[in-house]
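# Observations on the model geometry
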Amino acid sequence: MDLEIAGRRAIVIGADDDPVVAACERLLSAEGAEVVAADDREATIVIVAGSRRPRSTLLEGTGVDDLYSAWDEAVDTITEYRATAERMTTGGWGRLVWIGSAQAKSVDAEQDELGAVVSLGMLGLHKVVTSELGPGGVTANAVLRGGDATDEDVAAAAVFLCSAGAGFLSGITMVVDGGAGSGVF
Amino acid sequence: MDYKLAGRVAIVSGGSRGIGRAIAELLATEGARVVIASRTLSNLEETAAHIETFAPGRVHAVAADMTDPAGVEDVVAQTRAHFGPVEIAVSNVIGHVIDVSREGEGPGAGSFASLGSQDYRDEFRQLFVSSWALARACIPDMQAQGWGRIFNIGSHVAREPATHLPHVLPNVVRPAVAGMHRLLAARLAADGITVNNILTGSILTERNASYWQWLAGSRGQTVEQVTAEATAHIPLGRMGQPSEMAALVAFLSSEQASRITGQSLSVTGGTAAHV
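Only a predicted model underlies this, so the values are computations on that prediction, with no experimental measurement involved. (Residues numbered from 1 in each chain as written. Chains lettered and ligands numbered in written order. Predicted model: local features only at pLDDT ≥ 70, side-chain atom pairs only at ≥ 80, totals over all residues.)

Further remarks concern the overall build of chain A. When helices and strands are counted, chain A shows 4 helices and 6 strands. Secondary structure elements in chain A, listed N-terminal to C-terminal, are β-α-β-β-α-β-α-β-α-β. Its C-alpha atoms give chain A a radius of gyration of 16 Å, within 12% of the compact-globule value 16 Å for 185 residues. Reported as C-alpha extents along the three principal axes, the dimensions of chain A are approximately 45 × 30 × 30 Å. Taking all 185 residues of chain A together, 50% fall into the buried category. (Helix = DSSP H or I, 4+ residues; strand = E, 2+ residues; numbered from the N terminus. Rg over C-alpha atoms; globule rule 2.2 N^0.38 Å. Buried ≥ 20, exposed ≤ 12 C-beta atoms within 10 Å, placed from the backbone.)

Taken as a whole, chain B is organised into domain 1 (9-201 + 242-267) and domain 2 (204-239). The C-alpha-based centres of domain 1 of chain B and domain 2 of chain B are spaced at 24 Å. (Domains from an automatic or database assignment.)

All names here are of chain A. Look at helix H1 (residues 19-30): 17 Å from first C-alpha to last across 12 residues, which is about the 16 Å you get at 1.5 Å a residue. Residues of H1 that are buried include every one of Val20, Val21, Ala23, Cys24, Leu27 and Leu28, and no others. Around the axis of H1, the buried residues are gathered within 165° of arc, so they sit on the same side. Those residues of H1 that are exposed and angled more than 90 degrees off the buried face are Ser29 and Ala30. Buried-residue contacts for H1 involve strand S1 (9-13), strand S2 (34-35), strand S3 (45-49), strand S4 (94-101) and helix H4 (151-160). Just past H1, the residue Gly32 takes up positive phi, approximately 90°. (Expected span 1.5 Å × (residues − 1). Arc of directions from axis to C-beta. Contact = placed C-beta atoms within 7 Å.)

Next up on the list: the pairing of strand S2 (residues 33-38) of chain B. All names here are of chain B. Burial of S2 is extensive: 6 of the 6 residues sit out of reach of the surface. The alternating pattern of S2 places Arg33, Val35 and Ala37 on one face and Val34, Ile36 and Ser38 on the opposite face, and all of these are buried. Here strand S1 (residues 9-13) pairs with S2 via 5 bridges, running parallel. What sits directly across from Ser13, in S2, is Ala37. Once you follow S1 into helix H1 (residues 18-29) and on to S2, the crossover reads as right-handed. Sheet analysis places S2 next to strand S3 (residues 59-63), joined by 5 bridges and oriented parallel. Bridged to Ala37 within S3 is Val62. Each parallel crossover has a hand, and for S2 linked through helix H2 (residues 41-54) to S3 it is right-handed. (Pairing = 2+ DSSP bridges. Right-handed = clockwise from strand over helix to strand, strands pointing away.)

What follows deals with the interface of chain A and chain B. Taken residue by residue, the interface counts 25 residues in chain A and 29 residues in chain B. Broken down by secondary-structure element, the contributors of at least two residues to the side of chain A that touches chain B are helix H2 (64-91) and helix H3 (113-133) of chain A. The greatest single-element share of the side of chain A that touches chain B, amounting to 13 residues, is contributed by H3 of chain A. Of the residues that constitute the side of chain A that touches chain B, the class distribution is 18 nonpolar, 4 polar and 3 charged. (Nonpolar A, V, L, I, M, F, W, Y, C, P; charged D, E, K, R; others polar.)

Structural data, given as structure tokens:
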């Protein structure tokens, strides 16, 4: 399947030890996209992988500074989106993808409560971006990872959302959790 | 129906005006003892004096910044001292964006293109930290008694962002608050504590009325035109009243609603489009 992203410049951001970053970069490269540094302002594909915090909690041991620190991940992602948005709308094409925690959709999925909070903020933002940048050909979507999804599973979904064929999808949330989540909607 | 709220101890932040005031009034009417908290003591005293007329001895006012965890802790300590352990906590802190008393659309208004990092941090403090801090400060009392009710008063934009308005900040932060409450509900159910998120839509508060007035001015329209336009989208054909928000909070506080938790319920007159 040709994803029709050959020649496009792509940024993938995430924790150094998060294998999903390399998995995304590998798939993008295989499709002929050029993976560039995070400060490249010519990029029209941006994938941001949120931190995984096994067993993060909103209560025990979590202070207000921990909340602000977690929220800054959303804030930094929004900053990255903004930095690239102008180039995307000028060219009439852009893809923004957030990789977050499936717990944002279903509390059964896994124990990353701070990750869920950050991801929900991003899902709200995507609706705004969809409305504001949609006319400029820019889409904003999320992949939520949970269950026993592999990094390859997650990366495949993220890179699909960057494809030409995904151009009419915006503001959506794709849960990649092997069916672990129990919510119907 | 007897909701069995007589003697229960409640805290309502933003309790001096609008939706918070309506909730405080109704809980007190049902026999609860209510602490109202907000920034402005004069507003609190006026509301407390009114509640005293029909619920003598069942209201107490504390001025505090409810977006500051230290301010919240102080209110909870004063509530314990005055009435006893907290059983019902209602977080009702509004974002800046429609606070037209400040300046125009409010300092938080803006688009994705115009807003900066600090705006998102400030709104997180206003909407998320305020709600989290009140819940966290009250949970020990509730756990000790094996009974509790935690509420957040949010907005339906948590589910369906109002992308036609320059309200990016609440559109981003409110879903996070809804998730926080859902997670707390799962955690606290075994302690007999329910956690629910009540979402407004077109509730006619004083602040909303002044917002309509400001919006009309900025568009060169009359208030009637602006409100008629807003009302046209509401299937029930009218704005909601603060008392209709309070009615849901009172019901969910009751014994009868003890198995309802982790919900986000929209009081919108039927505008919600999602299934």
